[in-house]
Amino acid sequence: MAAASRRLRLVGTGIRRESLLVLLLLAAVMAIFAPNFLSLGNLINVLLATAVIGVLAIGVTFVLAGGGLDLSVGSIMAVAGVAMGLASQSGLPWPVALSTGLAVGAFLGWCNAVFIVRSGVPPFIVTLGMLSVARGLALLISDGRPIYGLPQEIVFLGQGRVLGIPAPVWIFLLTTILGQFLISRTRFGYHTLALGDNETAARVAGIAIEAMKARLYTLSGVMAALGGLLFAARVNAADPTAGIGYELLAITAAVIGGTNLFGGRGTVVGTFIGALIMGVLQNGLNLMAVQPFYQQIAIGVILVLAVWLDRVQSRERT
Amino acid sequence: MRTFLAITVLIALFTAGLATAQGRTVGVVLKTLANPFWGAMREGIEEGGKSVGLTLIIQAVPSEQDVEPQLNTCLNLLQRNVNALVVAAINATNLLPCIREANRRNIPVVDLDANLDPAILQREGLRVVFSISSDNRRAGGQAAEYLVQKKGNNFRGKVLIIEGLAGNPTSAARRDGFRERLAQLAPQASIVASLPGDWDRLKAANITNDVLQRHPDLSAIYAANDTMALGAVEAVFAAGKGGQVVVIGTDGNADAVRSIRAGRLTASVAQLPYLVGFQAIENLAKVLQGQTVPSRIIVPTLVIDREILEQGRDPLLRYLR
Amino acid sequence: MGSLLEVKEVYKRFGAVEVLRGVSFALNGGTVLGLVGDNGAGKSTLMKLITGVHSVDSGEIWFNGQLLSSPRQTHSPARARRFGIEMVYQDLALAKQQDVAANIFLGREPVRHFLGILPIVDREAMEIRAKSILDELGIRISISQLRAPVAWLSGGQQQTIAIARALSFDPKLLILDEPTAALAVKETEHVLEVIRELRNRGIGIILISHRLPDIFEVTDRILVLHQGKVAADLVTKNTSMAEVVAHIVGAGPLHKGGLV
């Protein structure tokens, strides 16, 4: 009895059943109308196409759940990729190059946190500023030009396959599992949600608010960097113009997946589903040779519907 | 809940469009349709497809920054089991994984508008059947030829070159082509400045102003694209030098044509993206029938000025879009 | 002495404003003290001195025979908690989207070790303990309500959750700030029941409220503050609403009250 209820809770708690339903429905529609949608190759393609944004979205989920906002993830993605590219170009071994990229992301994320906590300037503004600063940094250190010729091992991260499944997909799935564990099962996750729900309550309960925020934004920076590394590996170049607009897509995925934009609720599996919804939509419409501009309209509509539905549901319950 | 489900279905249906995959299908990945250059190329491709009887699936991405979505689109096209792939890559490396997969499946790949780098392709062990574009260097050379034709072989005047984005290969090719040819045809002419206008109208206007200040007797301006040429034209007329300075642009887009007819812009080296697209499909059809085609196909560019437009006799004019 | 809480001649000023001007009173365990007074009388400042948010300018506060706060003795919220003083704020400080157990154990979630090394939150233990705390308070709550976001519960239930959280620290003194202000009649009754239950357990309770009927229903003594001074220290059953109101507005004669 206890085991059964635990299983249900694993699926039900915090994860909106509606998101899963929408995903399945959309997949069904695509299976009917889009040629080749249900082939294994195509489904893997969907996961592959979603991986970079998915990883970014997972990082953003933590920040949003904690009551913050990070608009700089697209730019951090670019700087991290470029830093990794420069590191490997200058002869450093590939693990060092990868770590450099991740460290840059962590550092910029931490900078976000420090500013937000110390200056009292709202996260929207601080991370908006970082969006510009990081982008400028990326262009500066790369001289505005993409860095080609990444080492084989790093390219494998973006183009290699393990057991027939592309490496980015593995990384995406792994990140989802670890992230979900972190947000739903650990004290860190509980405290994050409480912080976003009611900062005063969290403070009164003795949670170290400033340290929590530092961790959340740093985590977001690291995820953005990971996304940047995957991106560079996929397209064979560390590009300073990478990730433009990705921050909005990441936030959209998180919100469609059930993360409360104002904090206090969010799951990583939900974000995974939200990212997949966007990926299935794009992939299906691609297969149907629909103009890409329609895809953008469709995503915007689904986002608003997802949040509206959520509000209607919570009104029904209270 | 039910309303929401119904709405989702409606959205999906509303945006549904079926594409058939009968007979020989060719997948085409363009850059962005937001640019009229690519719109004209698309027209040429479509007409080409009709004329040789190939079914086309044409896809584009929203902007020239969408590097990853273009790769995803390319991979999706391969999922549709196309018989050939035509790609206009945003940069030299973003589509390599897709090309690799196409090579693996023995699907011929065409490099549309020469965005791929042969050196990189060789290093990666990838093949394309041919590369087709206009020749930017030759375009610049044609501008120099036109200038000398207008001003005479003994032309010894001052010339300003307005380049595109610094470091951009297209811009560099046009500039170098112009320089080379000018040196050959009119060695006594002097290039007083060669500055990057970043493809921007206002920037080009400012550059022109500055240079006119220092060299009031400037004879000619060559700009690496029409947008910048039109900016330069404004500055020239504002300085009262309308008749004195010859301004030549590159691209031959609709704005340039209008300005030439109105007697402001002197000339432009028109690219013919419609023809590039058309010929790409024509040549691809030959490849699919087992014939060989040259691995590098150059599509001519056409210099247009008021006279040529008004006479309307040049056969290439019909490819101007 | 022997009383749980003793406040002796406490003064507090903020800048030019003297908020408390020589307040003294005492409280035993197992007693409910109603604290009333108009806005600005100094009620919340007095509570903040007891819970350690502010420090006293002069005077002393003793708790359980030990010096809690004085000009020589610094005080803090963590210290107040260690001494066994808990406060439930007017806005409850609940994380509304989290469930009951998560709220009660916020910041001190019980942990078990997954595979022996990874610390994960022990949800089952948390639920069981939460349920038992609520059962002890006589609050009936179903499993599904326990797992639901706190926002889905009624105002009265939320109030009891907040009190349950305070109780999970095993306090000797509990301060409640306007617990029934936003509640319907039935819910108010439940909360007052809980207060009585706690008194019977020997906990000292200070009840701040504007609702005099509630004060008269559940308190043993009433302390009236007026402009930073104790206007009256009354035994509830020996006084009337009219007298209390008179003291609140500053119209009554200064009354010396005694310990019950």
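Residues numbered from 1 in each chain as written. Chains lettered and ligands numbered in written order. Predicted model: local features only at pLDDT ≥ 70, side-chain atom pairs only at ≥ 80, totals over all residues.

## As for the overall build of chain B
Within chain B, the regular secondary structure consists of 12 helices and 12 strands. With respect to the three principal axes, the spread of C-alpha positions in chain B is 70 × 55 × 40 Å. By the burial criterion, 48% of the 321 residues in chain B qualify as buried. Considering only contacts in chain B between residues 6 or more positions apart, those separated by 24 or more positions represent 74%. (Helix = DSSP H or I, 4+ residues; strand = E, 2+ residues; numbered from the N terminus. Buried ≥ 20, exposed ≤ 12 C-beta atoms within 10 Å, placed from the backbone. Contact = placed C-beta atoms within 7 Å.)

## Observations concerning the overall build of chain C
Along the backbone of chain C there are 9 helices and 12 strands. The C-alpha atoms of chain C give a radius of gyration of 19 Å, which matches the 18 Å a tight globule of 260 residues would have. For chain C, the spread of C-alpha atoms along the principal axes amounts to about 65 × 45 × 35 Å. Classification of the 260 residues of chain C by burial places 45% in the buried group. (Rg over C-alpha atoms; globule rule 2.2 N^0.38 Å.)

## Brief notes about the interface of chain A and chain C
One frequent convention defines the size of an interface as the accessible area lost when the parts assemble. Counting from both sides, the interface comprises 18 residues of chain A and, opposite them, 16 residues of chain C. At the level of secondary structure, the elements contributing two or more residues to the side of chain A that touches chain C comprise helix 9 (187–197) and helix 10 (199–204) of chain A. Element by element, the count of residues in the side of chain A that touches chain C is highest for helix 9 of chain A, at 5 residues. Here the side of chain A that touches chain C is built from residues that sort into 7 nonpolar, 6 polar and 5 charged. (Nonpolar A, V, L, I, M, F, W, Y, C, P; charged D, E, K, R; others polar.)

## What to know about the sheet that holds strand 12 (residues 229–235) of chain C
Residues and elements named next belong to chain C. With respect to topology, 6 strands assemble into an open sheet ordered 6-9-10-3-11-12, the strand pairing being mixed. Every interior strand has two partners, whereas the edge strands, strand 6 (85–88) and strand 12, have only one. Going from strand to strand, the sheet's axes swing by 20° on average, the running direction of each strand aside. Bridge count between strand 3 (residues 32–37) and strand 11 (residues 221–226): 5 bridges; the pairing is parallel. Each residue of the ladder has a partner; that of L33, found in strand 11, is R221. (Pairing = 2+ DSSP bridges. Axes fitted to C-alpha atoms, helices over the stretch in contact; angles between N-to-C directions.)

## With respect to helix 7 (residues 152–159) of chain A
Along helix 7 of chain A, the residues classified as buried are I154, L157, G158 and Q159 of chain A. Residues of helix 7 of chain A that are buried make contact with helix 4 (73–89), helix 5 (94–119), helix 8 (167–185) and helix 11 (209–235) of chain A together with helix 4 (96–104) of chain B.

## A short note on the packing of helix 9 of chain A against helix 11 of chain A
Residue and element names in this part refer to chain A. Packing of helix 9 against helix 11 leaves a shortest axis separation of 11 Å and a crossing angle of 105°. Relative to helix 11, helix 9 is oriented roughly perpendicular. Of the residues in helix 11, those in contact with H191, T192 and L195 of helix 9 are I209, M212 and L216. Tallied by class, the residues present in the contact of helix 9 with helix 11 amount to 4 nonpolar, 2 polar and no charged. (Parallel < 35°, antiparallel > 145°, perpendicular 65-115°, else oblique.)

## Here's the deal with the sheet that holds strand 1 (residues 5–14) of chain C
Residue and element names in this part refer to chain C. With respect to topology, 4 strands assemble into an open sheet ordered 2-1-4-5, the strand pairing being antiparallel. Each of the sheet's edge strands pairs with one partner strand only, and the pair in question is strand 2 (17–27) and strand 5 (66–69). Mean inter-strand twist for the sheet, computed between neighbouring axes without regard to direction, equals 30°. Contacts between helix 1 (residues 43–51) and the sheet are confined to strand 1, strand 2, strand 4 (58–63) and strand 5, with strand 2 contributing the most and set at about 65° to the helix.

## As for the interface of chain A and chain B
At the interface, 42 residues of chain A touch 34 residues of chain B. Looking at the side of chain A that touches chain B, the elements that each hand over two or more residues are helix 2 (17–33), helix 3 (40–65), helix 11, helix 13 (268–287) and helix 14 (292–317) of chain A. Per element, the largest residue contribution to the side of chain A that touches chain B is 8 residues, and it comes from helix 14 of chain A.

## Focus: the domain arrangement of chain B
With domains assigned, chain B is organised as domain 1 (21–128 + 273–299) and domain 2 (136–271). Placing a centre on the C-alpha atoms of domain 1 of chain B and another on those of domain 2 of chain B gives a separation of 32 Å. (Domains from an automatic or database assignment.)

## A few points about the arrangement of the chains
With 2 pairs of chains in contact, the largest contact count belongs to chains A and B. If you take every C-alpha in chain B and every C-alpha in chain C, the smallest gap between them is 20 Å, and the two do not touch.

## Section: unusual backbone geometry
One non-glycine residue, N106 of chain B, adopts positive backbone phi at about 60°. With respect to the secondary-structure elements, N106 of chain B resides in the loop between helix 4 and strand 4 (109–112). Owing to 6 C-beta atoms within 10 Å, N106 of chain B belongs among the exposed residues under this scheme. At Q227 of chain C, a residue that is not glycine, the phi angle is positive and equals roughly 50°. Its place among the elements puts Q227 of chain C in the loop between strand 11 and strand 12.

## Examining the domain arrangement of chain C
Residues and elements named next belong to chain C. As assigned here, chain C comprises domain 1 (1–84 + 172–260) and domain 2 (95–170). Across the boundary between the two partners, domain 1 contributes 12 residues, which contact 11 residues of domain 2. Among the elements that make up the side of domain 1 that touches domain 2, the one with the highest residue count is helix 7 (residues 185–200) (6 residues). Its residues placed into classes, the side of domain 1 that touches domain 2 shows 6 nonpolar, 2 polar and 4 charged.

## Quick word on the confidence of the model for chain C
Across chain C, the average pLDDT comes to 89, with 96% of residues at 70 or higher. pLDDT under 50 marks residues 255–260 of chain C. Its contacts with residues more than four places away, or in other chains, come to 14 contacts. (pLDDT = per-residue confidence, 0-100.)

## Description of the pairing of strand 10 (residues 267–270) of chain B
All names here are of chain B. Alternating positions in strand 10 separate into two faces, A267 and V269 on one and S268 and A270 on the other, with burial throughout. Assessed by its sense of winding, the connection that carries the chain from strand 9 (residues 246–251) through helix 10 (residues 254–261) to strand 10 is right-handed. Here strand 10 runs beside strand 12 (residues 302–305); their pairing, made up of 4 bridges, is antiparallel. Paired with A270 across the strands is L302, a residue of strand 12. (Right-handed = clockwise from strand over helix to strand, strands pointing away.)

## Observations concerning the nonpolar core
Judged by nonpolar contacts, the single largest core of 281 residues is most densely connected at L56, V79, A80, A250 and I277 of chain A, A232 of chain B together with L207 of chain C. Broken down by element, the residue count for this core peaks at 16 residues, all from helix 3 of chain A. Not counting chain neighbours up to four residues away, the residues in contact with L56 of chain A comprise V73, M77, M223, A224, G227, Y246 and A250 of chain A. (Core = buried A, V, L, I, M, F, W, Y, C linked by C-beta atoms within 7 Å.)

## What to know about the pairing of strand 5 (residues 130–134) of chain B
All names here are of chain B. Within strand 5, 5 of the 5 residues are buried, which leaves the element mostly enclosed by the surrounding structure. The alternating pattern of strand 5 places F130, I132 and S134 and S131 and S133 on opposite faces, both of which are buried. Sheet topology note: the strand 4/strand 5 ladder contains 3 bridges and is parallel. Among the inter-strand pairings, D111 is bridged to a residue of strand 5, identified as S131. Between the parallel pair strand 4 and strand 5, the chain is carried across by helix 5 (residues 118–124), and the sense of this crossover is right-handed. Summarising the sheet, strand 5 and strand 11 (residues 296–299) pair through 4 bridges and their orientation is parallel. Across the sheet, residue S133 finds its bridge partner in strand 11, namely I298.

## Here we look at the confidence of the model for chain B
Scored by pLDDT, chain B comes out at a mean of 89, with 93% of its residues at no less than 70. This stretch, residues 14–22 of chain B, has a pLDDT under 50; its non-local contacts, to residues over four places away or in other chains, come to 18 contacts.

## Notes on the environment of F216 of chain C
All names here are of chain C. With respect to the helices and strands, the residue F216 is situated in helix 8 (residues 212–218). Overall, F216 belongs to the partly exposed group, with 16 C-beta atoms counted inside 10 Å. Measuring from C-alpha to C-alpha, the distance between F216 and T236 comes to 6.5 Å, with 20 residues separating the pair along the chain. When near neighbours in sequence (up to four residues on either side) are disregarded, F216 contacts T236 and M241.

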